Structures are given as structure tokens and as C-alpha cells.
Amino acid sequence: MTGFIIVLPTDTQTSERRAYQITRELYNISRPVLIQAEGEAVSTVFGVIPHPDGIQHALQVDTDYLINVHPAATLEKLVACFPEISNDERYALSAYVQTNSKFPFGHIVPSTVTVRDQEHMEENGWFPEEPDMP
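Quick caveat: nothing in here was measured; it's all calculated off a predicted structure. (Residues numbered from 1 in each chain as written. Predicted model: local features only at pLDDT ≥ 70, side-chain atom pairs only at ≥ 80, totals over all residues. Heavy atoms only, no water.)

For the rest of this paragraph, the subject is the overall build of the protein chain. Secondary structure assignment for the protein chain yields four helices and six strands. Tracing the protein chain from N to C terminus, the helices and strands come up as β-α-β-β-β-α-α-β-β-α. Along the first, second and third principal axes, the C-alpha set of the protein chain runs to 55 × 35 × 30 Å. Relative to its full complement of 134 residues, the protein chain shows a buried share of 38%. (Helix = DSSP H or I, 4+ residues; strand = E, 2+ residues; numbered from the N terminus. Buried < 20%, exposed > 50% of the residue type's maximum accessible area, 1.4 Å probe, protein only.)

If you want it as C-alpha cells, here you go:
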């Protein structure tokens, strides 16, 4: 299922910076920084969509997208992107990834996160209609 995850800012990160960090850390599960080529330094899994207000950002996600797990992958930085989740959930997410060679992205979406559909995003002004050209 494709959808959107609205990324809220934290005390230390903007919505945009946090969204980029999340998608970058998802990429690092398959391609840890230690093995990346120079051109991969900015590679991500999902796109970041700005709200017209310039403050909010969302990840455009596919919950069925398969993430391959590299044996050297760690999740410390990814789970740190979600300070609102409990230590138990943080541990469960890390353990799940470490015990699977691949998994659908939707299996690691934290309980504090909601995947929104296109309709929700449109109703909340994420994709304003373009005025008709004369």
C-alpha cells in the first residue's frame, strides 16, 4: 500500500530534517555507510514531500516495499529518530530487523505513526489544486 507518513518536528529537528534522516537510515539497513560508494552518501528509500506551508514534511511510502537487511546493519540511528516510542517497542523493532534477512517496510512502522492515504493528504492541503490556465 502506498501512502504518506507526516513527520512531526522534534525539539531538536525540523520536520524536513527528521523525514530525511528517517528515509536515509532506512536506506542504511540495506547499504550500511561502511560499504557505500561515494555517490550513495545522499541515497534514500522514500521521497520527502513538503507541505505548501513550508513547515511540515511527509514521507511518501510503500508499506509493501521489501527492505533487504545487510549483515552489518544497525538500527540505533533509525530508532533514535522516534524518541516517542517506548524502550520495549524500540527493542522489538531492532530485534525484528536483526532476525530477518528482508521485510516489508510496513512491518517496522512504529505504533505512534499513522500511514495516511492520498485523500487525507488532499483534504489537509498537501496537494493544492493548480489554477486553470486561461
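Mean pLDDT over the protein chain: 93, with 97% of residues reaching 70 or higher. By mean pLDDT, helix α2 (residues 76-80) is the weakest element of the protein chain at 88, and strand β3 (residues 57-62) is the strongest at 98. (pLDDT = per-residue confidence, 0-100.)

What follows covers the pattern of salt bridges. By the definition in use, this model includes two salt bridges. The shortest N-O distance in the salt bridge between R31 and E40 comes to 2.7 Å. Classification of E40 by relative accessible area gives buried; the value is 12%. (Salt bridge = Lys/Arg side-chain N within 4 Å of Asp/Glu carboxyl O.)

Next up on the list: the side chain of Q13. In this structure, Q13 sits in the loop between β1 (2-7) and α1 (15-30). For Q13, a relative accessible area of 18% puts it in the buried group. Within polar-contact distance, the side chain of Q13 engages the side chain of Q21 at 2.6 Å. What Q13 contacts, discounting residues up to four positions off in sequence, is R18 and Q21. (Polar contact = N/O pair within 3.5 Å; in protein donor to acceptor, adjacent residues only side chain to side chain. Contact = heavy atoms within 4.5 Å.)

Here we take up the packing of aromatic side chains. Counted according to the given criterion, the structure contains four aromatic pairs. Between F46 and Y65, the ring centres sit 5.7 Å apart and the planes meet at 70°, which makes this aromatic pair edge-to-face. One end of the pair, F46, is in the loop between α1 and β2 (47-50); the other, Y65, is in the loop between β3 and β4 (66-68), with 19 residues separating them in the sequence. Judged by relative accessible area, F46 falls into the buried class, the value being 7%. In this structure Y65 comes out as partly exposed when scored by relative accessible area, which is 38%. For the ring pair F46 and F105, a centre distance of 4.9 Å and an interplane angle of 65° mean the geometry is edge-to-face. Of this pair, F46 sits in the loop between α1 and β2 while F105 is found in the loop between β5 (102-104) and β6 (115-116), placing the two residues 59 residues apart along the sequence. Both residues of the pair, F46 and F105, belong to the buried class. What links up through ring pairs into an aromatic cluster is the set F46, Y65 and F105. (Phe/Tyr/Trp six-rings, centres within 6.5 Å; stacked < 30°, edge-to-face > 60°.)

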